[in-house]
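The lines below spell out each chain.
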Amino acid sequence: MARLSVEIVTAERRVLSDEVDMVIAPAVEGTVGILPRHAPLLTSLRPGVMVLKRAGEEEVLAVSGGFLQVSNNRVLILADTAERAEEVDEARAEQARAEAEVALREASSQAGGVQTEAARTALRRSLARLQVTQRRKQRRTST
Amino acid sequence: MASLRDIRRRIRSIRNTGQITRAMQMVAASRMRRAQQRVLASRPYAEAARTMLGELSQQRLDPTAVHPLLRQRPERRASFVVFTSDRGLAGALNSNVLRRATEEILAREEESQIVTIGRKGQDFFVRRGRRLAATFTGLGERPEYAGIIPVARVVVEAYTAENVDAVYMLYPQFISTLQQLPVVKPILPIQALEEEGTPLEFIIEPDAEAILAALLPRYVEVQLYQALLEATASEQSARMIAMRNATENAEELVSELTLSYNKARQAAITKEITEIATAAEALTAART
């Protein structure tokens, strides 16, 4: 069966380059699942969790926005940042979440559109990171 | 002829200098390796961004809504982002870049806008009484992507506000450890990209214009980031070579001075012996 070759790059480094069976990505218009022979697709990403499935096993990464391109069984992801579960600093993410929640409460009480949006994005970013570490822990306890 | 003590003092001082330059050479060498790795690590993203822009430019875009960063207009006023290092002792690196920058600026009738990166560039233009649109220092020490974002914002704003009609970056391109050449590269307007092969029919979400609007400023940042990384690699290798030459010169001086020290010492000893011998002879002559 055909597989997908995935490449995840950030401006600072190549995070991952691999063959997988399925990619689940947080696109702006909703989460997309990409299987081999997917139609050519170009989309922007929102902060969220990205899942790579290969032979029954899955790898989870936190991305904080970027772009995704699918063509000819090749998935190219230009991420603003991308971290594997083991790279996420959980304490820092937790602190960022707390700060973003405070900022969001303040911003929404003042009705400042731009600030609310910025705080919401920051919150999503920290949540994605936390989610990734939690999924990793679950997997460890189940095995 | 210099006295023995003077020569000894000079040898000691040159030897100290040589030790310092040798240490600086080692530091620069290890930083250079890291900087080169960073340059390599940043390439996949830049290439991917280029591919994506190419694909996007082949899609049917609304011709009435060309993105401002792609819109070409006759160049009257240019902006230069000049990359220099924060610290000196890097050979001719900075003076080469600044000479090239001066040529480019003098070649244009309208006064160009200048944005400097690095303390050396800032000092150079301020000393000449040039107005700087913006100046950034401390970026090259530990180059990070986040550091370049404000630089990109300055030039993108100047371009979209039509204060300038073109933006160039000027940085020492890393050719090899021994060679760095100042280059001028246009970054705005973004040149239309040509992709080979037949265009694919992409499903685009939300739409091509929205993706372009997000990707184009990113692309400007990426190009500036790569220039920063190359400038850092160039700086470290130029410094390494400069310090290696200084260390070699110090060693040469020390060996020359050691030779003249030994000669002077020999001469002093000979003189002393002659004096003793003469005195002894005078004594025996007096006794008889």
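Rules and cut-offs
- Residues numbered from 1 in each chain as written.
- Chains lettered and ligands numbered in written order.
- Predicted model: local features only at pLDDT ≥ 70, side-chain atom pairs only at ≥ 80, totals over all residues.
- Heavy atoms only, no water.
- Contact = heavy atoms within 4.5 Å.
- Buried area = accessible area lost by both parts, 1.4 Å probe.
- Salt bridge = Lys/Arg side-chain N within 4 Å of Asp/Glu carboxyl O.
- Polar contact = N/O pair within 3.5 Å; in protein donor to acceptor, adjacent residues only side chain to side chain.
- Core = buried A, V, L, I, M, F, W, Y, C linked by side-chain atoms within 4.5 Å.
- Buried < 20%, exposed > 50% of the residue type's maximum accessible area, 1.4 Å probe, protein only.
- Helix = DSSP H or I, 4+ residues; strand = E, 2+ residues; numbered from the N terminus.
- Pairing = 2+ DSSP bridges.
- Axes fitted to C-alpha atoms, helices over the stretch in contact; angles between N-to-C directions.
- 1 Å grid on protein atoms, 1.4 Å probe; cavity = no way out; pocket = protein on both sides within 12 Å on 5 of 7 lines; lining within 4 Å.
- Points joined across faces, edges and corners; volume = space filled by probe spheres on them.
- Nonpolar A, V, L, I, M, F, W, Y, C, P; charged D, E, K, R; others polar.
- Phe/Tyr/Trp six-rings, centres within 6.5 Å; stacked < 30°, edge-to-face > 60°.

**Notes on the interface of chain B and chain A**
Contact residues are listed per partner, giving 23 residues for chain B and 24 residues for chain A. Of all residues in chain B, Y45, M52 and E205 of chain B bury the most surface against chain A, accounting for 30% of the area lost on that side. The tally of links from chain B across to chain A stands at 1 salt bridge. The shortest N-O distance in the salt bridge between R218 of chain B and D80 of chain A comes to 2.3 Å. Taken together, the connections running from chain B to chain A amount to 7 residue pairs in polar contact (both at pLDDT 80 or more).

**Examining the nonpolar core**
Within the largest apolar cluster, 56 residues are counted, with the highest numbers of intra-cluster contacts made by L78 of chain A together with V81, F83 and L224 of chain B. No other element matches helix α5 (residues 208-287) of chain B, which puts 15 residues into this core. In this view, L224 of chain B contacts V81, F83, I148, V151, A152, V155, M169 and I187 of chain B; residues no more than four positions away in its chain are not counted.

**Looking at the sheet that holds strand β4 (residues 166-174) of chain B**
Two strands in a sheet stick together by hydrogen bonds in their backbones, pointing the same way (parallel) or opposite ways (antiparallel). Residue and element names in this part refer to chain B. Reading across from one edge, β3-β2-β1-β4-β5 is the order of the 5 strands in this open sheet, with mixed pairing throughout. A single partner strand is all that each edge strand has here, and the edge strands are β3 (134-136) and β5 (180-188). Averaged over neighbouring strand pairs, the angle between their axes works out to 20 degrees when direction is ignored. Examined bridge by bridge, strand β1 (residues 78-83) and strand β2 (residues 113-117) share 5 bridges and lie parallel to one another. Pairing of V81 across the sheet is with V115, part of β2. Strands β1, β2, β4 and β5 of the sheet are contacted by helix α2 (residues 93-106), whose axis makes an angle of about 155 degrees with β4. In the packing of helix α4 (residues 145-160) onto the sheet, contacts are made with β1, β2, β3, β4 and β5, and the angle to β3 comes to roughly 165 degrees.

**Some details on the layout of surface pockets**
Its volume calculated, the largest pocket comes out at about 1000 Å³. Lining the largest pocket are 29 residues; nearest its centre among them are E12, D80, T81, E83 and R129 of chain A. Elements with a contribution of two residues or more to the lining of the largest pocket: β8 (82-84), α1 (90-110) and α2 (113-142) of chain A together with α1 (4-58), α4 and α5 of chain B. When residues of the lining of the largest pocket are assigned to their parent elements, the largest contribution, 4 residues, is made by α2 of chain A. Looking at the lining of the largest pocket residue by residue, the class counts come to 13 nonpolar, 4 polar and 12 charged.

**Details of the packing of aromatic side chains**
All names here are of chain B. As enumerated under the stated definition, the model contains 4 aromatic pairs over all chains in all. Taking the centre distance of 6.2 Å and the plane angle of 80 degrees together, the rings of F83 and Y171 count as edge-to-face. Of this pair, F83 sits in strand β1 while Y171 sits in strand β4, placing them 88 residues apart in sequence. Comparing F83 with Y171, the two get one shared label, buried.

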